[in-house]
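So the chains spell out like this:
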Amino acid sequence: MAVVEAYAELARRVLTGPARLGRTRLVAVDGPSGAGKSRFAAQLADALAGPLGGRPPVVHTDDLLDGWDDQVTFWPRLDEGVLAPLRDGEPGAYRRYSWVRQCFLPRPVSVPVAPVLVVEGVSAARAVVRPELTLAVFVTAPASLRRARAVARDGPEILPELRRWHDGERAHFAVDETATHADLLVDGAPTLPYDADRYYVRLR
């Protein structure tokens, strides 16, 4: 059953939840490519900005990938650069990958110690990090729509790589059982009438 819920209420849920990554509440927004993860993460971060007195940091796992073949193997880069320092109450940092230049940019992106960190991207809520998550979100949408969104964003020339990517993420989600273990299952392509800036549609 689909239910319309407010980002503001979800923000309160996050802030009243336990901090399990040092002093930080870690929120993972996972799901297949093109499902609407980035939008969901952005809206939740906006909803958290008021109570926190500033927008929490958002890390996109796409920025940590060393190209198309690093789909799920990027994790040590995230853990060593960002999660491990935060566990110890220290700021983290990472270098952003340029998909145009096909290399990591030299200037590091700092990740401050904050009450909340949002990590968004395929495999963000993987099994290894579940014990440290305050909230695990899985965003879903039909495969045909997700493919159309990706092509509209990046052009039809990405289709060969995109097909391999979709195969890889399906295999990962099947083994990891990510959706089953998520705290919140979100419809990334709802047909219900609602204000998408303030609300999302929960499936479970």
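These numbers were taken from a predicted model, which means no experiment stands behind them.

## Topic: the overall build of the chain
(1) Moving on: Each helix and strand in the chain was counted, giving six helices and nine strands.
(2) Moving on: Relative to the globule expectation of 17 Å for 204 residues, the C-alpha radius of gyration of the chain, 16 Å, shows essentially globular dimensions.
(3) Moving on: For the chain, the C-alpha atoms occupy an extent of roughly 45 × 40 × 30 Å along the three principal directions.
(4) Moving on: Considering only contacts within the chain whose residues lie at least 6 apart along the sequence, 73% involve residues at least 24 apart.
(5) Moving on: A total accessible area of about 10000 Å² is found for the chain, and carbon and sulfur atoms account for 53% of it.
(6) Moving on: Between the averaged position of the 26 positive side-chain charges in the chain and that of its 26 negative side-chain charges there is a distance of 3 Å.

## Quick notes on the layout of surface pockets
(1) Moving on: By volume, the largest pocket is sized at about 870 Å³.
(2) Moving on: Around the largest pocket, the lining is made up of 38 residues, and of these Ser 33, Gly 34, Ser 38, Asp 62 and Arg 153 lie nearest the centre.
(3) Moving on: Grouping the amino acids of the lining of the largest pocket by side-chain chemistry returns 20 nonpolar, 10 polar and eight charged.

## Topic: unusual backbone geometry
(1) Moving on: A positive phi angle, close to 60 degrees, is found at Gln 102, a residue other than glycine.
(2) Moving on: Here Gln 102 shows up in the loop between β4 (92-98) and β5 (103-111).
(3) Moving on: Residue Gln 102 is classed as exposed on the basis of its relative accessible area, which comes to 61%.
(4) Moving on: For Ser 123, which is not glycine, the phi dihedral falls at a positive 80 degrees.

## Side note on the pairing of strand β2 (residues 25-30)
(1) Moving on: By the criterion of burial, β2 is predominantly enclosed, with six of the six residues buried.
(2) Moving on: Every second residue of β2 is oriented toward a common face, with Arg 25, Val 27 and Val 29 on one face and Leu 26, Ala 28 and Asp 30 on the other, all of them buried.
(3) Moving on: Bridge count for β2 against strand β7 (residues 133-140) is five bridges, and the pairing is parallel. Bridged to Val 27 within β7 is Leu 135.

## Observations concerning the packing of aromatic side chains
(1) Moving on: On inspection of all chains with the given rule, the structure shows nine aromatic pairs.
(2) Moving on: For the ring pair Tyr 97 and Phe 104, a centre distance of 5.2 Å and an interplane angle of 75 degrees mean the geometry is edge-to-face. Here Tyr 97 matches Phe 104 in class, with each residue buried.
(3) Moving on: Stacked on the ring of Phe 74, the Lys or Arg Arg 126 has its end atom at 5.3 Å from the ring centre.

## Quick word on the pattern of salt bridges
Charged atoms that come close allow side chains of opposite charge to pair.
(1) Moving on: Using the criterion set out here, one finds 14 salt bridges in the structure.
(2) Moving on: Between Asp 46 and Arg 55 there is a salt bridge; the shortest N-O distance is 2.7 Å.
(3) Moving on: Using a relative accessible area of 45% as the deciding quantity, one classes Arg 55 as partly exposed.
(4) Moving on: Linked by salt bridges that have partners in common, Asp 69, Glu 161 and Arg 164 make up one network.

Conventions adopted
Residues numbered from 1 in each chain as written. Predicted model: local features only at pLDDT ≥ 70, side-chain atom pairs only at ≥ 80, totals over all residues. Heavy atoms only, no water. Helix = DSSP H or I, 4+ residues; strand = E, 2+ residues; numbered from the N terminus. Rg over C-alpha atoms; globule rule 2.2 N^0.38 Å. Contact = heavy atoms within 4.5 Å. Areas by Shrake-Rupley, 256 points an atom, 1.4 Å probe, with all protein chains shown as cover. Lys, Arg positive; Asp, Glu negative; His and termini not counted. Charge placed at Lys NZ, Arg CZ, Asp CG, Glu CD. 1 Å grid on protein atoms, 1.4 Å probe; cavity = no way out; pocket = protein on both sides within 12 Å on 5 of 7 lines; lining within 4 Å. Points joined across faces, edges and corners; volume = space filled by probe spheres on them. Nonpolar A, V, L, I, M, F, W, Y, C, P; charged D, E, K, R; others polar. Buried < 20%, exposed > 50% of the residue type's maximum accessible area, 1.4 Å probe, protein only. Pairing = 2+ DSSP bridges. Phe/Tyr/Trp six-rings, centres within 6.5 Å; stacked < 30°, edge-to-face > 60°. Lys NZ or Arg CZ within 6 Å of the ring centre and 35° of its normal. Salt bridge = Lys/Arg side-chain N within 4 Å of Asp/Glu carboxyl O.

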